[in-house]
Amino acid sequence: MDVAELSEKNQSNIRHGEHIITRLTYISRYNKDNPNGEVTRILAQAQQNNEHNGITGALVFNHNYFLQSIEGARPVINELLRKLVKDERHFSLQIIECREIEQRHWNKWSMKYLIPSDENKGLALKFSTSTQFNPYLMSANQIMMLIDTLSELQEQEEKEASAKKKSWFAIS
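Residues numbered from 1 in each chain as written. Predicted model: local features only at pLDDT ≥ 70, side-chain atom pairs only at ≥ 80, totals over all residues. Heavy atoms only, no water.

Draft legend 1. Fine view of the nonpolar core. L67, F133, L146 and I147 are the most contacted members of the largest nonpolar core, which has 18 residues in total. At the level of secondary structure, the elements contributing two or more residues to this core comprise β2 (56–62), β3 (65–73), α4 (121–126) and α5 (140–171). The element best represented in this core is α5, accounting for five residues. In this structure, L67 is in contact with Y26, I27, A58, L59, V60, F133, P135, I143, L146 and I147, ignoring residues within four places of it in sequence. Membership of the second largest hydrophobic core comes to 17 residues, among which are Y26, Y30, V39 and F66. (Core = buried A, V, L, I, M, F, W, Y, C linked by side-chain atoms within 4.5 Å. Buried < 20%, exposed > 50% of the residue type's maximum accessible area, 1.4 Å probe, protein only. Helix = DSSP H or I, 4+ residues; strand = E, 2+ residues; numbered from the N terminus. Contact = heavy atoms within 4.5 Å.)

What follows is the structure in structure tokens.
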């Protein structure tokens with residue numbers, strides 16, 4: 001591709017908004033009746049597709065609910081949203097937030113998978129509005145705080161596990 005073609009491609013990208021980064025946060029319900037809906041398969045496919053499309057994000061799966069926050073070029077996020085609405089592996093999709101952002105929040109991961117564990121399962125209820133976990137009753141702020149907190153805890157656990165592994169090797 002020569003310089004003129006590259007310049008034309010860049011101008012086309014700007015006209016379509018690819019330089020504008022957008023965050024989309026949504027919730028949905030897991031469709032247990034879909035044979036292609038295994039959560040690990042959904043995650044693996046999302047990670048592969050997101051990396052290819054320059055999308056970063058975090059996915060929480062808890063009590064058959066998905067909470068997802070994704071970031072990428074505006075036209076790419078819009079196209080992904082069209083696909084998500086048609087995806088039969090989940091239902092009752094509700095957009096919690098969609099906005100332009102100056103900087104990516106999830107820039108480390110093509111798709112970070114966060115699962116509340118036995119140790120932190122109370123967090124989901126901490127940010128909930130009732131005694132049952134139901135993200136449809138949570139505000140955008142509560143959902144983002146839950147995702148952020150789970151992400152921070154998981155990173156801390158990973159650092160501690162890595163430090164333990166290093167200290168174990170140092171003993172030998």
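Resuming the write-up.
Draft legend 2. Up close: the sheet that holds strand β4 (residues 90–100). With mixed pairing, the five strands of this open sheet are ordered in space as β4-β1-β3-β2-β5. Looking along the sheet, the strands with just one partner apiece sit at the ends: β4 and β5 (112–114). Mean inter-strand twist for the sheet, computed between neighbouring axes without regard to direction, equals 15°. Two elements, strand β1 (residues 21–30) and β3, share nine bridges in a ladder whose sense is antiparallel. Bridge assignment links R29 to a residue of β3, and that residue is Y65. Along the sheet, helix α3 (residues 74–86) contacts β1, β3 and β4; its crossing angle with β3, the most-contacted strand, is approximately 150°. (Pairing = 2+ DSSP bridges. Axes fitted to C-alpha atoms, helices over the stretch in contact; angles between N-to-C directions.)

Draft legend 3. Representation of the packing of aromatic side chains within the structure. Applying the stated criterion across every chain, the model contains five aromatic pairs. Judged by centre distance (5.4 Å) and plane angle (80°), the rings of Y30 and F61 are edge-to-face. In this pair, Y30 is assigned in strand β1 and F61 in strand β2, connecting sequence segments 31 residues apart. Residue class for Y30 comes out buried when judged on its relative accessible area of 15%. Members of the aromatic cluster, joined through ring pairs, are Y30, F61 and F66. Above the plane of the ring of Y65 lies R29, whose end atom (NZ or CZ) is 4.3 Å from the centre. (Phe/Tyr/Trp six-rings, centres within 6.5 Å; stacked < 30°, edge-to-face > 60°. Lys NZ or Arg CZ within 6 Å of the ring centre and 35° of its normal.)

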